[in-house]
Amino acid sequence: MVSSASLASTAEATKVGAVAKRHVPVGATGVPADMVKCWPYEVDQAPVLKIGQVVDELEAEFPALTVSKVRYLEDAQLISPYRKGGPQGHRRYSRAHVERLRYILTRQRDDLCHLQAIGQTLSELDQGKADENPAVGPQLVTNNGELVVNLPNDQLLSVSQLAKRLGVSIAQIEQVVEARITAPDAKGRFDARTAQVVRLALEASKRGIPLRNLRSVSMAADREAELIGNTARLHTRGAGQDSCALGLELAQLVSALHTTLLEKAVLSDC
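Worth saying up front: this structure is predicted, and the values here are computed from it rather than measured.

A.B. asks: Now, about the overall build of the protein chain: what can you tell me, with residues and values included?
C.D. replies: Counting its secondary structure elements, the protein chain contains 10 helices and 6 strands. Considering the protein chain as a whole, with its 270 residues, one finds that 33% of them fall into the buried category. The contacts in the protein chain between residues at least 6 apart in sequence include a share of 59% that link residues at least 24 apart. Carbon together with sulfur atoms contributes 54% to the accessible area of the protein chain, which is approximately 16,600 Å² in total.

In C-alpha cells:
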C-alpha cells in the first residue's frame, strides 16, 4: 500500500515538473556538446562528479541528504545531471549542479519552501528574470549538528550583512558588542572568528545565560591568549619557527583542556 506521504511527494514532484524547462544549451570547454547549462552560470559546468561525490560534498551542511533525495529532486525536474552515454547512462554532475542543489536544500531547510516555489525561482534564475542572483557557496555549515558561520578568513561583513547571515537583528549583535564580549574592527566589520563569537554568545543567551555574564568568558580568553602568545614567542625565538602556528596549536590544546575541566565541573554538580 502506498502511504499518503508518498502520494503527496509524488504529486509535488509532478507539479514541479510542470515548471517551465530551464536549461539552455551551450558549448563550453569541458562541457559535452549534448549537455545543457543551468544556473548558476558563473560556476564550472563540466560534468565530472558522480552522484555519491555530490552527496559527500554536501553532507556536512545537510546530514540527511541521500542519493535517493538527489534523484527525487531530479524527478522533480529541479536538477538535470548529464547522462554519460545517452539517456540511460550514468549520471554526472558539475560544480554548478552542486551549487544548485545547495540552493534547493538551503531554501527547504531555512525558509521551509515548497519545491514548486523553489522550482519557480530556479526557472526565473535560469532565464535571467530573477530580481536577484543568490550567492553561491555554503552560507552555513554544520559541526556535530550545530550551525556555524562559514566565512573565508579574509572575508569581512558589515553589521547588517552579519545580521542577515546569522538570521538575527542588528540590535542583537549590538548587544553582544555592548556587553564587551567581542567587537568589530575599526571600520565596524566582522571577520569569521568574530562572527562566530557573536553567534555563540547569542545562542548561549537564548539558552538562559545573560550576555553580561559572558564577559568573564571573553576576559578569560584574553588572559589565556596572552599566556599562549608569550609561550609561543619564547619557544620560537631564534629557531626560525612560526610563533603564530605554535600559538594556534597551543590554543587548541588549552581549549581542549578547558572544555574537559568545564565538563568535569558541571558533571560533578549533577
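What follows picks up the thread again.
A.B. asks: Tell me about the packing of aromatic side chains, and name the residues and values.
C.D. replies: Inspection of every chain in the model, using the stated rule, returns 1 aromatic pair. Look at W39 and Y103: their rings are 5.4 Å apart centre to centre, the planes differ by 75°, and that puts the pair in the edge-to-face class. With W39 in the loop between strand 2 (36-37) and helix 2 (51-58) and Y103 in helix 4 (residues 95-111), this residue pair connects regions lying 64 residues apart in the sequence. By relative accessible area, which is 3% here, W39 ends up buried.

A.B. asks: Describe the packing of helix 9 (residues 215-236) against helix 10 (residues 243-268), and please don't skip the residues or the numbers.
C.D. replies: As a packed pair, helix 9 and helix 10 sit with axes 9 Å apart at the nearest point and diverge in direction by 135°. As far as their axial angle goes, helix 10 and helix 9 are oblique. Every pair of crossing elements has a handedness; the one defined by helix 9 and helix 10 is right-handed. For the pair helix 9 and helix 10, contact is made by E224, I228, T231, A232, R233, H235 and T236 and by S243, L246, G247, L250, A251, V254 and H258, respectively.

A.B. asks: Let's hear about the pattern of salt bridges: which residues, and what values?
C.D. replies: Inspection of the entire model under this criterion finds 8 salt bridges. Linking R91 and E74 is a salt bridge whose minimum nitrogen-to-oxygen distance equals 2.6 Å. A residue pair is termed long-range when its members are at least 10 positions apart, and R91 in strand 4 (residues 90-92) and E74 in helix 3 (residues 67-75) qualify at 17 residues. R189 is the partner of D185 in a salt bridge, and the nearest nitrogen-oxygen pair spans 3.1 Å. You can call D185 partly exposed: its relative accessible area is 30%. On the basis of relative accessible area, R189 is assigned to the partly exposed category, the value being 33%.

A.B. asks: Which residues make up the packing of helix 7 (residues 170-178) against helix 8 (residues 192-206), and what values go with them?
C.D. replies: When two helices pack together, their arrangement is given by the angle between the helix axes and by the axis-to-axis distance. Relative orientation of the contacting elements helix 7 and helix 8 amounts to 95°, with a least axis distance of 10 Å. In this view, helix 7 runs roughly perpendicular relative to helix 8, as classed from their interaxial angle. Of the residues in helix 8, those touching helix 7 at Q172, I173 and V176 are V198, A201 and L202. The class makeup of the residues in the contact of helix 7 with helix 8 is 5 nonpolar, 1 polar and no charged.

A.B. asks: Break down the nonpolar core for me, citing the residues and quoting the values.
C.D. replies: Within the largest apolar cluster, 24 residues are counted, with the highest numbers of intra-cluster contacts made by L58, L73 and L122. Per-element accounting of this core gives the leading share, 5 residues, to helix 4. Excluding anything up to four places from it in sequence, L73 contacts L78, I79, L101, I104, L105 and L115. Membership of the second largest hydrophobic core comes to 16 residues, among which are A163, I173, A201 and L214.

A.B. asks: How would you explain the confidence of the model for the protein chain if you had to name every residue and give the values?
C.D. replies: In this model, the protein chain carries an average pLDDT of 80, and 81% of its residues clear a pLDDT of 70 or more. Across residues 1-28, where pLDDT falls below 50, the model places 45 contacts with residues more than four positions away in sequence or in other chains.

A.B. asks: Can you lay out the environment of A96 for me, pointing to particular residues and giving the numbers?
C.D. replies: For A96, the location among the structural elements is in helix 4. Remark: the alpha-carbon pair of A96 and C38, spanning 58 residues in sequence, is separated by 7.2 Å. Discounting chain neighbours no more than four positions away, the residues touching A96 are C38, W39, P40, V43, D44 and Q45.

A.B. asks: Can you tell me about helix 4, naming the residues and giving the values?
C.D. replies: Relative to the 24 Å expected for 17 residues at 1.5 Å per residue, helix 4 spans 23 Å between its end C-alpha atoms, a close match to the ideal helical length. Every buried residue of helix 4 is accounted for by A96, H97, V98, E99, R100, L101, R102, Y103, I104, L105 and R107. Where the residues of helix 4 are buried, they touch helix 2, helix 3, strand 3 (82-84), strand 4 and helix 5 (115-126). Where helix 4 begins, one side-chain oxygen reaches toward the backbone nitrogen of A96, 3.3 Å away; that side chain belongs to S94.

A.B. asks: How would you explain the side chain of Q45 if you had to name every residue and give the values?
C.D. replies: Within the secondary structure, Q45 sits in the loop between strand 2 and helix 2. Judged by its relative accessible area of 5%, Q45 falls in the buried class. A distance of 3.2 Å separates the side chain of Q45 from the backbone oxygen of P40, its partner in a polar contact.

Reading guide: rules and limits
- Residues numbered from 1 in each chain as written.
- Predicted model: local features only at pLDDT ≥ 70, side-chain atom pairs only at ≥ 80, totals over all residues.
- Heavy atoms only, no water.
- Helix = DSSP H or I, 4+ residues; strand = E, 2+ residues; numbered from the N terminus.
- Buried < 20%, exposed > 50% of the residue type's maximum accessible area, 1.4 Å probe, protein only.
- Contact = heavy atoms within 4.5 Å.
- Areas by Shrake-Rupley, 256 points an atom, 1.4 Å probe, with all protein chains shown as cover.
- Phe/Tyr/Trp six-rings, centres within 6.5 Å; stacked < 30°, edge-to-face > 60°.
- Axes fitted to C-alpha atoms, helices over the stretch in contact; angles between N-to-C directions.
- Parallel < 35°, antiparallel > 145°, perpendicular 65-115°, else oblique.
- Left-handed = near helix turned anticlockwise from the far one by under 90°.
- Salt bridge = Lys/Arg side-chain N within 4 Å of Asp/Glu carboxyl O.
- Nonpolar A, V, L, I, M, F, W, Y, C, P; charged D, E, K, R; others polar.
- Core = buried A, V, L, I, M, F, W, Y, C linked by side-chain atoms within 4.5 Å.
- pLDDT = per-residue confidence, 0-100.
- Expected span 1.5 Å × (residues − 1).
- Polar contact = N/O pair within 3.5 Å; in protein donor to acceptor, adjacent residues only side chain to side chain.

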